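Fold and geometry: a report
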Amino acid sequence: MANKAVVVQDLIKTYPRVMAVDGISFTIDEGEIFGLLGPNGAGKTTTMRVLLTLIRPTSGKISVFGVDALAYSDKVRQMAGYVPQDVSVDGELTGYENILMSCKLYGVPSKERSQRIKEALGYLELQDRAGSMVNTYSGGMMRRLEIAQALVNRPKILFLDEPSIGLDPIAKRNIWEHVENLRSDFGTTIILTTHDMNEADALCDRLGIMSKGKLITIGEPSRLKASLGGDVVTVTTKNSECSARLKELGYSVTSDSSGEHCGVIVSDGEKLIPHLLENLRKNNVEVETVSLEKSSLDDVFLKYTGARIAEGDSWLEASRVRRTFRRLTK
Ligand SMILES: Nc1ncnc2c1ncn2[C@@H]1O[C@H](COP(=O)(O)OP(=O)(O)OP(=O)(O)O)[C@@H](O)[C@H]1O
Ligand SMILES: [Mg+2]
């Protein structure tokens, strides 16, 4: 069994009028990329900050690499790097100076600082702009700088709160690549929060879906999608017997299938299509069109939380507004 990087048991965090985290339990393996997915106010950031020992929970147990986080918060902080949800870089300083500040905050010894800064800048491909003021950086560069800051104490576990929020698709992929490299190069365990289904699907080994402080379900993205019942392959044909033939052949046919327009539910649509077409041909059903509808994490989300979070411009825009708003209200 893989070593456990994080073990959370019955974690609760209440505020006067809200139960931000409502009795959640989960584990994260060493070297795993684990995602917390959920709508606004689900409790993702609170969970992350409790694990980081920045907020004290109301009750529950947390261990990070075998260390009791409530009793030994210093030890946990020494092992962890944190990229907060809101912008944390100082625009009036250069990239180099921002990382130097992190070195001081994390207690990196003076004689090691320049080497650590060089390493972090190089790793996040920021060395060419190290001397520029951060308010001249793009959003993607700022996020990379924030990750670089979190790496100066060479963390065993990295916490990323919405790592690619508000970034364009190319900058987003660039962040994902860096996160994956961290795991493959150093075996870093990574816990991230996101609303982005593509991010969760592309990056996370396992996901916990949160809603209203509760952990609704947990699993590998592919398993969560399979739990919906699978993909739907739809065929159209002039043969009105198609639906009946498919049932005779043992396929699971969708309830809205009519004689000439039939949907078949399967776990792996791409693989099924050639066999399905061959079977229909043998049964004298000539297929005119075939289409495949893959189940998505968005469908998983809808099933478990009753809400749909579609990745799109309006959502990105809202995220950006929220991020800026939080900065203004700090
Ligand atoms: N310091 C606080 N005092 C009172 N309530 C709080 C505090 N911090 C968080 N909450 C509440 O706890 C709940 C969970 O908030 P949290 O920030 O953890 O959600 P989230 O899942 O990270 O949401 P988002 O996607 O918007 O970042 C919300 O209802 C929030 O208003
Ligand atoms: Mg949050």
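Up top you'll find the structure we're talking about.
A brief look at the structure comes next. Keep in mind that this is a model prediction, so the values were computed, not measured. (Residues numbered from 1 in each chain as written. Chains lettered and ligands numbered in written order. Predicted model: local features only at pLDDT ≥ 70, side-chain atom pairs only at ≥ 80, totals over all residues. Heavy atoms only, no water.)

This brings us to the overall build of the chain. For the chain, the count of helices and strands is 12 helices and 13 strands. Across its three principal directions, the C-alpha atoms of the chain cover 80 × 45 × 40 Å. For the chain, the residues scored as buried account for 48% of the 330 residues in total. Counting contacts in the chain only where the partners sit at least 6 residues apart, residues at least 24 apart contribute 69% of the total. As displayed, the chain has an accessible area near 16200 Å², and 50% of this comes from carbon and sulfur atoms. When the 42 basic and 43 acidic side-chain charges of the chain are each reduced to a single mean position, those positions are 7 Å apart. (Helix = DSSP H or I, 4+ residues; strand = E, 2+ residues; numbered from the N terminus. Buried < 20%, exposed > 50% of the residue type's maximum accessible area, 1.4 Å probe, protein only. Contact = heavy atoms within 4.5 Å. Areas by Shrake-Rupley, 256 points an atom, 1.4 Å probe, with all protein chains shown as cover. Lys, Arg positive; Asp, Glu negative; His and termini not counted. Charge placed at Lys NZ, Arg CZ, Asp CG, Glu CD.)

This paragraph deals with the site of ligand 1. Lining the immediate environment of ligand 1, one finds 16 residues, of which Gly41, Lys44, Thr45, Thr46 and Gln85 sit closest. Gly41 is positioned with one of its backbone polar atoms (N or O) 2.8 Å from an oxygen atom of ligand 1. One nitrogen or oxygen atom from the side chain of His195 is found 2.9 Å from an oxygen atom belonging to ligand 1. For ligand 1, whose accessible area on its own is 640 Å², the fraction buried by protein is 67%. Of all the secondary structure elements, the ones that give two or more residues to the shell around ligand 1 are strand 2 (18-29), helix 1 (44-51) and helix 12 (313-329). The greatest single-element share of the shell around ligand 1, amounting to three residues, is contributed by helix 1. (Near = heavy atom within 4 Å. Polar contact = N/O pair within 3.5 Å; in protein donor to acceptor, adjacent residues only side chain to side chain.)

Let us now look at helix 10 (residues 269-282). Between its first and last C-alpha atoms helix 10 spans 20 Å; for 14 residues at 1.5 Å apiece the expected length is 20 Å, and the two agree. Along helix 10, the positions that sit buried rather than exposed are Gly269, Leu272, Ile273, Leu276 and Leu280. At its buried positions, helix 10 is contacted by strand 11 (231-237), helix 9 (242-248), strand 12 (261-266) and strand 13 (287-293). Note on helix 10: the residue one or two positions beyond its end, Asn284, has a positive phi of about 60 degrees. (Expected span 1.5 Å × (residues − 1).)

Within the protein, Thr45 (OG1) and Gln85 (OE1) serve as the donor atoms for the magnesium ion (ligand 2), at 1.9 to 2.2 Å. Taken together, the positions of Thr45 in helix 1 and Gln85 in the loop between strand 6 (80-83) and helix 3 (95-106) put the pair 40 residues apart, joining distant regions of the chain. Of the residues examined, Thr45 reaches a relative accessible area of 25% and is grouped as partly exposed. (Donors = N, O, S within 2.8 Å, 3.2 Å for Na, K, Ca; no water.)

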